[in-house]
Amino acid sequence: MPPKKDKKGKKKNKASSKDAGEIVSPEDQIRLLQSQTSSLEFQLACKAEETTDVVAVCGDLRSALAEANKKHQEEKQMTADISATMTRQFKSMQHQLLEKIAER
């Protein structure tokens, strides 16, 4: 097996020429900062619009939930009323049957 080659090579400088110590003019700095400012303002506007949309959807969901809860309570009350009515009718019929049996 042949010997492995040495991997000692030149290391590449990942820094750009501007990062290497080049002086940026004040006009370039101003343009860069204005560009960053406008970019951040745009991002903020997008986030604000998203937030507005999410708040609207949240409000809609809350009202739908409140309506569903109200409907559930109404159904629950109706079920209890029907159950009470059926129990009352059953007891009445049972009482009538026992009276008929006692008469014979």
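Residues numbered from 1 in each chain as written. Predicted model: local features only at pLDDT ≥ 70, side-chain atom pairs only at ≥ 80, totals over all residues. Heavy atoms only, no water.

Draft legend 1. Looking closely at the overall build of the protein chain. Per the secondary structure count, the protein chain includes one helix and zero strands. A total of 104 residues make up the protein chain; the buried ones form 0% of that total. As displayed, the protein chain offers around 10,800 Å² of accessible surface, 59% of which is attributable to carbon and sulfur atoms. (Helix = DSSP H or I, 4+ residues; strand = E, 2+ residues; numbered from the N terminus. Buried < 20%, exposed > 50% of the residue type's maximum accessible area, 1.4 Å probe, protein only. Areas by Shrake-Rupley, 256 points an atom, 1.4 Å probe, with all protein chains shown as cover.)

Draft legend 2. Structural view of a nonpolar patch on the surface. Among the surface-exposed residues, Met78, Ile82 and Met86 lie close enough to one another that they form a single nonpolar patch of about 310 Å² accessible area. Mapped onto the elements of the fold, Met78 is located in helix H1 (residues 26–103). (Patch = residues over 30% accessible without salt bridge, like charges linked within 9 Å, V, L, I, M, F, W, Y side chains within 5 Å. Salt bridge = Lys/Arg side-chain N within 4 Å of Asp/Glu carboxyl O.)

Draft legend 3. Quick peek at the pattern of salt bridges. Following the criterion strictly, the structure yields one salt bridge and no others. Here Arg31 ties to Asp28 by a salt bridge, and the two come within 2.4 Å at their closest N and O atoms. Of the two residues, Arg31 and Asp28 both sit in helix H1, three residues apart, roughly one turn of that helix.

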